Amino acid sequence: MILGKYFSIWLLLLLVSIDPGDIAAINELKKKAQEAYEDKDYVTAAFNYQVLIDSMGVTDPEIKLNLAHCYFTLDNETDALNYYKNLCAQDVDESLRSVAYQQLGVINANKNDLKNALEDFKASLRANPNNEDARYNYEVVKRKLKEEEEKKEE
């Protein structure tokens, strides 16, 4: 009972401390970032998403996923990997986790690290068995691995 009382007071203080101007600024920047992302202006989108995360404290997993996609598209593999891995480790929606693992698989496949790519695609499918892109990529990588093993045996 006492814990519930303190929690209620803490929640009320938190709600009162949020500046409505901050909320409006966050929402406006989210809108700008999303528009830039949809327009394939990944530099602007990445910048806006990064400001949302670093300066405004936004922790929305979809924002992080879009930022990772921007970095991936801009060939910034290091930052893309960091954000995808971070999303895989967080308690996020399974479909979002599936996409993050799928993208890790794509990055590993592009580096010809087929064994890790296969594991990433498996993890993607475990998170969301309906992810058809991950299923297709899994099958392609599995076939390539089999072909490589057959060449080694010859």
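These numbers were taken from a predicted model, which means no experiment stands behind them. (Residues numbered from 1 in each chain as written. Predicted model: local features only at pLDDT ≥ 70, side-chain atom pairs only at ≥ 80, totals over all residues. Heavy atoms only, no water.)

Q: Could you clarify how one ought to interpret the packing of helix H3 (residues 42-54) against helix H4 (residues 61-73) in this entry?
A: A pair of packed helices can be characterised by two numbers: the angle between their axes and the separation between those axes. At their nearest, the axes of H3 and H4 sit 9 Å apart, and the two run at 145° to each other. Here H3 runs over H4; the crossing is left-handed. Within the contact between the two elements, H3 uses Tyr42, Ala45, Ala46, Tyr49, Gln50, Leu52 and Ile53 and H4 uses Ile63, Lys64, Asn66, Leu67, Cys70, Tyr71 and Thr73. Its residues assigned to classes, the contact of H3 with H4 comprises 10 nonpolar, three polar and one charged. (Axes fitted to C-alpha atoms, helices over the stretch in contact; angles between N-to-C directions. Helix = DSSP H or I, 4+ residues; strand = E, 2+ residues; numbered from the N terminus. Left-handed = near helix turned anticlockwise from the far one by under 90°. Contact = heavy atoms within 4.5 Å. Nonpolar A, V, L, I, M, F, W, Y, C, P; charged D, E, K, R; others polar.)

Q: Hey, could you run me through the nonpolar core in this one?
A: The nonpolar side chains of a soluble globular protein tend to be buried, and buried together. With 29 residues, the main nonpolar core has Tyr49, Leu52, Leu67, Cys70 and Tyr84 as its most contacted residues. Mapped onto this core, the elements with two or more residues apiece are helix H2 (20-38), H3, H4, helix H5 (77-89) and helix H6 (94-110). Each residue touching Leu52, except ones within four places of it in the same chain, is listed here: Ile26, Leu29, Lys30, Gly57, Val58 and Ile63. Core analysis: the next-biggest nonpolar cluster, separate from the first, contains 10 residues, Leu118, Leu125, Tyr138 and Val141 among them. (Core = buried A, V, L, I, M, F, W, Y, C linked by side-chain atoms within 4.5 Å. Buried < 20%, exposed > 50% of the residue type's maximum accessible area, 1.4 Å probe, protein only.)

Q: Before we go on, may I ask you to explain H5 in this structure?
A: In an α-helix there are 3.6 residues to a turn, and that puts residues three or four apart on one side. If you check H5, its first and last C-alpha atoms are 18 Å apart, about what 13 residues at 1.5 Å a residue would give, namely 18 Å. Of all the residues in H5, the buried ones are Ala80, Leu81, Tyr83, Tyr84, Leu87 and Cys88. Those residues of H5 that are buried are in contact with H3, H4 and H6. (Expected span 1.5 Å × (residues − 1).)

Q: Honestly, the packing of aromatic side chains in this entry has me stumped. Any pointers?
A: When we look at a pair of aromatic rings, we describe it by the centre distance and by the angle of the planes. Within the structure shown, the criterion is met by three aromatic pairs. Where Tyr37 meets Tyr42, the ring centres are 5.7 Å apart and the plane angle is 80°; that geometry is what we call edge-to-face. In terms of burial, Tyr37 and Tyr42 fall into one category: buried. Between Tyr37 and Tyr49, the ring centres sit 6.4 Å apart and the planes meet at 65°, which makes this aromatic pair edge-to-face. On the criterion of sequence distance, the pair formed by Tyr37 in helix H2 and Tyr49 in helix H3 is long-range, its members being 12 residues apart. In this structure an aromatic cluster arises from ring pairing among Tyr37, Tyr42 and Tyr49. (Phe/Tyr/Trp six-rings, centres within 6.5 Å; stacked < 30°, edge-to-face > 60°.)

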